[in-house]
Amino acid sequence: MPSPKPVRMFRGWIVLAGLFVVLTVSSGFAFYAQGIFLDALVREQGFSVGMAGAGTGTFFVTSGIAGYFAGGLISKYDARSVMTVGAFIGAGGLALIARISTEWQMFPVMAIFGTGFALTSLVPASSIVTRWFHRQRSVALSIASSGLSLGGILISPLIASAIDADGLITWAPRLGLYFLISLI
């Protein structure tokens, strides 16, 4: 009797696990941490809530615009390369938050950070999932997207505790480094 063929695991599930982690990190350090950064800028730098909120708005508007262009970049270049560049941009933007001393500086820094977030989050991840999964695509997209929520649950409370203890100026460069290492 012939032995049965070994069942090979579909490598897309490994890719999906990686995307889950990437989305957890990018959302925890960027998307869900915006309120934490806003509060710290108000408390530590004395910015008005409205001005710090405008910086947060800049992050979200920029990430939306950059997300639109991320799709085009991914169609031209390897998605891993786009996400790697995004990790460096996002880490730089996050680290630069510590250097914000005047209100106008908040806008370019948050634009840099938002661009990096867009290049490491949902648009690239969705593109990768659709390339790997032809069957069970909706399941794969929902699994990857669950990483977004997990980032808010796991990472942002740690960021809030660290910033509350030692301040944004101390932690922003470290957070930028952690963001980069976690994504690379």
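Criteria and cut-off values
- Residues numbered from 1 in each chain as written.
- Predicted model: local features only at pLDDT ≥ 70, side-chain atom pairs only at ≥ 80, totals over all residues.
- Heavy atoms only, no water.
- Helix = DSSP H or I, 4+ residues; strand = E, 2+ residues; numbered from the N terminus.
- Buried < 20%, exposed > 50% of the residue type's maximum accessible area, 1.4 Å probe, protein only.
- Contact = heavy atoms within 4.5 Å.
- Areas by Shrake-Rupley, 256 points an atom, 1.4 Å probe, with all protein chains shown as cover.
- Lys, Arg positive; Asp, Glu negative; His and termini not counted.
- Charge placed at Lys NZ, Arg CZ, Asp CG, Glu CD.
- Axes fitted to C-alpha atoms, helices over the stretch in contact; angles between N-to-C directions.
- Left-handed = near helix turned anticlockwise from the far one by under 90°.
- Nonpolar A, V, L, I, M, F, W, Y, C, P; charged D, E, K, R; others polar.
- Parallel < 35°, antiparallel > 145°, perpendicular 65-115°, else oblique.
- Core = buried A, V, L, I, M, F, W, Y, C linked by side-chain atoms within 4.5 Å.
- Phe/Tyr/Trp six-rings, centres within 6.5 Å; stacked < 30°, edge-to-face > 60°.

1. With respect to the overall build of the protein
(1) Moving on: Per the secondary structure count, the protein includes eight helices and zero strands.
(2) Moving on: Helices and strands in the protein line up, N terminus first, as α-α-α-α-α-α-α-α.
(3) Moving on: Principal-axis analysis of the C-alpha atoms places the extent of the protein at approximately 80 × 35 × 25 Å.
(4) Moving on: In the protein, which comprises 184 residues, the proportion classed as buried is 43%.
(5) Moving on: Intrachain contacts of the protein at a sequence separation of at least 6 include 82% that bridge at least 24 residues.
(6) Moving on: When the accessible surface of the protein is totalled, it reaches about 9,600 Å², and 67% of it is carbon and sulfur.
(7) Moving on: Charge centroids of the protein, computed over 11 positive and 6 negative side chains, lie 27 Å from each other.

2. Examining the packing of helix H3 (residues 49–76) against helix H5 (residues 103–119)
(1) Moving on: Direction vectors running N to C along H3 and H5 enclose 35°, while the axes themselves pass 7 Å from each other. Taken as a pair, H3 and H5 cross one another with a handedness that is right-handed. Of the residues in H5, those in contact with Met51, Ala52, Ala54, Gly55, Thr58, Phe59, Thr62, Ser63, Ala66, Gly67, Ala70 and Leu73 of H3 are Glu103, Met106, Phe107, Met110, Ala111, Phe113, Gly114, Thr115, Phe117, Ala118 and Leu119.
(2) Moving on: Of the residues that constitute the contact of H3 with H5, the class distribution is 15 nonpolar, seven polar and one charged.

3. A few points about the packing of helix H6 (residues 122–132) against helix H7 (residues 137–166)
(1) Moving on: Running from amino to carboxyl end, H6 crosses H7 at an angle of 155°, the nearest separation of the two axes being 10 Å. Our classification of the angle between H6 and H7 gives roughly antiparallel. The way H6 lies across H7 gives a crossing that is right-handed. Where H6 abuts H7, its residues Leu122, Ser126, Val129 and Thr130 lie against Arg137, Ala140, Leu141, Ala144, Ser145 and Leu148.
(2) Moving on: Here the contact of H6 with H7 is built from residues that sort into six nonpolar, three polar and one charged.

4. A look at the nonpolar core
(1) Moving on: Core analysis: the largest hydrophobic core is formed by 50 residues, its most contacted members being Phe37, Ile97, Ile159 and Ile163.
(2) Moving on: Among the elements of the structure, helix H1 (12–31), helix H2 (34–45), H3, helix H4 (79–96), H5, H6, H7 and helix H8 (168–183) are those that each provide at least two residues to this core.

5. As for H6
Because the α-helix completes a turn every 3.6 residues, residues three or four places apart line up on one side.
(1) Moving on: Those residues of H6 not exposed but buried are Pro124, Ala125, Ser127, Ile128 and Val129.
(2) Moving on: Its buried side turned inward, H6 meets H1, H3, H4, H5 and H7.

6. Side note on the side chain of Thr24
(1) Moving on: When you line up the elements, Thr24 lands in helix H1.
(2) Moving on: The contacts of Thr24, once residues within four sequence positions are left out, are Gly147, Leu148, Leu150, Gly151 and Ile155.

7. Section: the packing of aromatic side chains
(1) Moving on: One pass over the structure, following the stated rule, counts 14 aromatic pairs.
(2) Moving on: Ring centres 6.0 Å apart and planes at 70° place the aromatic pair Phe29 and Phe179 in the edge-to-face group. Pair noted here: Phe29 is in helix H1 and Phe179 is in helix H8, with a separation of 150 residues, a long-range link. Here Phe29 matches Phe179 in class, with each residue buried.

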